Every structure is written in C-alpha cells, then in structure tokens.
Amino acid sequence: MSSGTGFFLFLCVTLAGLTGAVVTGRAARRKVHLCCVATAIVSLGVAIYYAEQLGKLYDLEAAGWIYPFHLLLAKVTTGSYLVVIGSGLATIRSSSRRKTHGRIAYSVLVLTVMTAITGIWMILAATPLG
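Cut-offs applied
Residues numbered from 1 in each chain as written. Predicted model: local features only at pLDDT ≥ 70, side-chain atom pairs only at ≥ 80, totals over all residues. Heavy atoms only, no water. Phe/Tyr/Trp six-rings, centres within 6.5 Å; stacked < 30°, edge-to-face > 60°. Buried < 20%, exposed > 50% of the residue type's maximum accessible area, 1.4 Å probe, protein only. Patch = residues over 30% accessible without salt bridge, like charges linked within 9 Å, V, L, I, M, F, W, Y side chains within 5 Å. Areas by Shrake-Rupley, 256 points an atom, 1.4 Å probe, with all protein chains shown as cover. Salt bridge = Lys/Arg side-chain N within 4 Å of Asp/Glu carboxyl O. Helix = DSSP H or I, 4+ residues; strand = E, 2+ residues; numbered from the N terminus. Expected span 1.5 Å × (residues − 1). Contact = heavy atoms within 4.5 Å.

Visitor: Which parts of the structure should I look at to understand the packing of aromatic side chains?
Guide: Describing an aromatic ring pair means giving the distance of the ring centres and the angle of the ring planes. Tallying each qualifying case throughout the model produces 4 aromatic pairs. Arranged with centres 5.3 Å apart and planes meeting at 70 degrees, the rings of tyrosine 49 and tyrosine 50 form a pair that is edge-to-face. Owing to a relative accessible area of 16%, tyrosine 50 belongs among the buried residues under this scheme. In this structure an aromatic cluster arises from ring pairing among Phe10, Tyr49 and Tyr50.

This is the structure in structure tokens:
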C-alpha cells in the first residue's frame, strides 16, 4: 500500500473511530465506547506512521511556516490524547467526571481535526522530491 493511500485510509478509520466514540460516549455505552476509542487510537498510530512515510516523499521545508506549525500541533494533539485517556479512566471510577471528560474529549477532537487539516495543507504546499 502506498504511503498516501495508507495515510488517507487510516485517517478515515481514525475519524470514524472518533465519531463512534463521540456517539457512544454521549449515549453512555461504555463497552462500545472503549472499543471505538481503542480503534481510533490504534488507527491514529498507523495513520501517523503512513504520514511520516508520505513526508519522506516531499520537501516539507518548502511548505513554509505551516510545516513547523503542523509538527507543533501534532505533538500537542498526541500528548492531549493522554489527558483525555486519563480523564476517561477517572470517569470510569466516578461518573460525576463525565461532563469534564466530554469537554476534554471534544477539545482533543478539535485538535485532531486541526492537525489533519494542517497536515494536508502542508503536503499540498510542499514540493515533491524526485
């Protein structure tokens, strides 16, 4: 599978997993929610792998300011997943934290979409190598 196809495929699976996590989280369907979260996290890891492979085919520096901005946003977003997972575990222990977990999860969802948008923008602005 090419790096472009792999990235696009696993980005879509990630977004589908996150959508499922939102729907099942709001419905308080914990087991399905945890499966959707696990799917989203694993597929995000695979999408990141393919994104790095795709990046090797481009002069990303040629994309200008969007390149370092995307990398910073990607690192912040990845770290934020640890926060949302932690708040989710706290919610399992005490359902009174559900509202806070939802707010954190939505924030990480927004960061994820912003990271995907800036990554695509970066690739479109970069110069292909070879």
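Right, picking up where we left off after that structure.
Visitor: Whenever I open this one, a nonpolar patch on the surface confuses me. Can you help?
Guide: Taken together, the side chains of Leu34, Ile85, Leu89 and Ile92 define a hydrophobic patch exposed on the protein surface, amounting to about 320 Å² of accessible area. Element by element, the count of residues in the nonpolar patch is highest for helix H3 (residues 66-93), at 3 residues. You can see leucine 89 is positioned in helix H3. Relative accessible area serves as the criterion here: at 43%, leucine 89 is assigned to the partly exposed category.

Visitor: What is the right way to read helix H1 (residues 3-26) from this model?
Guide: Since the α-helix turns once every 3.6 residues, residues separated by three or four places project in the same direction. Here H1 is 24 residues long and its end C-alpha atoms lie 34 Å apart, about the 34 Å a rise of 1.5 Å per residue gives. For H1, the complete set of buried residues consists of Ser3, Gly6, Phe7, Leu11, Thr14, Gly17, Leu18, Gly20, Ala21 and Thr24. Contacts made by the buried residues of H1 are with helix H2 (30-55), H3 and helix H4 (98-125). Looking one or two places after H1, you find alanine 28, whose phi comes out positive at around 60 degrees.

On their own, these measurements won't tell you what the molecule is for.
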